[in-house]
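The lines below spell out each chain.
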Amino acid sequence: NAGVTQTPKFQVLKTGQSMTLQCAQDMNHNSMYWYRQDPGMGLRLIYYSASEGTTDKGEVPNGYNVSRLNKREFSLRLESAAPSQTSVYFCASSEGLAGGHETQYFGPGTRLLVL
Amino acid sequence: QKEVEQNSGPLSVPEGAIASLNCTYSDRGSQSFFWYRQYSGKSPELIMSIYSNGDKEDGRFTAQLNKASQYVSLLIRDSQPSDSATYLCAVNHNTGGFKTIFGAGTRLFVKA
């Protein structure tokens, strides 16, 4: 099992460009998440999907959109990239919604630089 | 006040010593607590989870939870250079919907 995979690993964008970060999991998990990690700030939740067909905003959703394409895949889209979106993006998944005892499993991350 | 607070470190300990990492949280409705290890340039990986007051041991790692004091800690016995990483505390609660809050992490250096 590959676990949680993310593409691309690294991306450089110019301000105003758009891109989609891809995430897939092969653990048959119901819930998936997108986080960003900035120095000194820990992981902050952007969006999550409790189950196939549902998505909800997290702590920092502005400037992002998501799509839960099917049970395996959860994509994050930046419509018009801004330098403030320079960060490391992690996708995670869990069997159930991580509000109780669920453990989240993380992908390898995507490093995004917006110039 | 941050919802989950950790000392950013770096915490430096000699090889073979006990490393003690601390985390405090503000929401009394929090139900489960996790410690993740993150090596530089890598993704977080789960080390320990704890849900009840007291200690939970797994090999060289012990998690301690005190809900009354809103405090969770991680002890690493016989610290090894390979334990050098950033340790993230994460707190879950589901009152009013899903919420997981991560601390900013404590950097640990184990000197050989």
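See above for the structure.
So, here is what we can say about the structure in this document. (Residues numbered from 1 in each chain as written. Chains lettered and ligands numbered in written order. Predicted model: local features only at pLDDT ≥ 70, side-chain atom pairs only at ≥ 80, totals over all residues. Heavy atoms only, no water.)

When its secondary structure is counted, chain A shows zero helices and 11 strands. Overall, chain A shows an N-to-C arrangement of helices and strands of β-β-β-β-β-β-β-β-β-β-β. For chain A, the C-alpha radius of gyration of 13 Å lies close to 13 Å, the compact-globule estimate for 115 residues. Taken along its principal axes, the extent of the C-alpha atoms in chain A is 40 × 25 × 25 Å. Within chain A, the proportion of its 115 residues that are buried is 50%. Summing over all exposed atoms, chain A offers an accessible surface of approximately 5200 Å²; the carbon and sulfur share of this is 49%. (Helix = DSSP H or I, 4+ residues; strand = E, 2+ residues; numbered from the N terminus. Rg over C-alpha atoms; globule rule 2.2 N^0.38 Å. Buried < 20%, exposed > 50% of the residue type's maximum accessible area, 1.4 Å probe, protein only. Areas by Shrake-Rupley, 256 points an atom, 1.4 Å probe, with all protein chains shown as cover.)

Residues and elements named next belong to chain A. Strand order in the open sheet made by the four strands is 1-3-8-7, with antiparallel pairing throughout. In this open sheet, the two edge strands, each paired with only one partner strand, are strand 1 (4–7) and strand 7 (64–68). Across the sheet, the mean angle separating the axes of adjacent strands is 20° when strand polarity is ignored. Where strand 7 meets strand 8 (residues 74–78), five bridges bridge the pair, whose relative direction is antiparallel. Counterpart to Ser 67 in the pairing with strand 8 is Ser 75. (Pairing = 2+ DSSP bridges. Axes fitted to C-alpha atoms, helices over the stretch in contact; angles between N-to-C directions.)

With that settled, consider the interface of chain A and chain B. Taken together, the contact between chain A and chain B spans 22 residues of the former and 22 residues of the latter. Taking both partners together, chain A and chain B bury about 1700 Å²; carbon and sulfur atoms supply 56% of that area. Applying the counting rule to chain A against chain B returns zero salt bridges. There are five residue pairs in polar contact (both at pLDDT 80 or more) connecting chain A and chain B. Secondary structure elements with two or more residues in the side of chain A that touches chain B: strand 4 (31–38) and strand 5 (42–49) of chain A. Here the element with the most residues in the side of chain A that touches chain B is strand 5 of chain A; it accounts for four residues. Class assignment for the residues of the side of chain A that touches chain B results in 11 nonpolar, nine polar and two charged. (Contact = heavy atoms within 4.5 Å. Buried area = accessible area lost by both parts, 1.4 Å probe. Salt bridge = Lys/Arg side-chain N within 4 Å of Asp/Glu carboxyl O. Polar contact = N/O pair within 3.5 Å; in protein donor to acceptor, adjacent residues only side chain to side chain. Nonpolar A, V, L, I, M, F, W, Y, C, P; charged D, E, K, R; others polar.)

Turning our attention to unusual backbone geometry. Looking along the chain, the bond that leaves Thr 7 of chain A and enters Pro 8 of chain A is cis, with omega of -5°. The step from Gly 9 of chain B to Pro 10 of chain B runs through a cis peptide bond, and the omega angle for that step is 10°. Relative to the helices and strands, Pro 10 of chain B resides in the loop between strand 1 (4–6) and strand 2 (11–14). At Gln 70 of chain B, a position not held by glycine, the phi torsion is positive, near 55°. Tracing the chain through its elements places Gln 70 of chain B in the loop between strand 7 (61–66) and strand 8 (71–76). Backbone geometry places Asp 78 of chain B, a non-glycine residue, at a positive phi of 50°. Summarising the element assignment, Asp 78 of chain B is placed in the loop between strand 8 and strand 9 (85–93).

A separate point is the sheet that holds strand 7 of chain B. Residues and elements named next belong to chain B. Sheet architecture is open: five strands sit in the order 1-3-8-7-6, paired in antiparallel fashion. One side of each edge strand has no neighbouring strand; the edge strands of this open sheet are strand 1 and strand 6 (54–58). Here the strands of the sheet are splayed against their neighbours by 20° on average, with no regard to which way each runs. Here strand 3 (residues 19–25) runs beside strand 8; their pairing, made up of six bridges, is antiparallel. Bridge pairing in strand 8 places Leu 21 opposite Leu 74.

This part covers the pattern of salt bridges. Enumeration according to the criterion identifies six salt bridges over all chains in this entry. In this structure, the salt-bridge partner of Arg 36 of chain A is Asp 38 of chain A, at a minimum N-O distance of 3.0 Å. Salt-bridge contacts for Arg 77 of chain B lead to Glu 57 of chain B; the nearest nitrogen and oxygen are separated by 3.4 Å. Placement of Arg 77 of chain B in the loop between strand 8 and strand 9 and of Glu 57 of chain B in strand 6 is noted, with a sequence separation of 20 residues between them. The exposure class of Arg 77 of chain B is partly exposed, given its relative accessible area of 26%.

Read these as layout, nothing more, since geometry by itself doesn't imply function.
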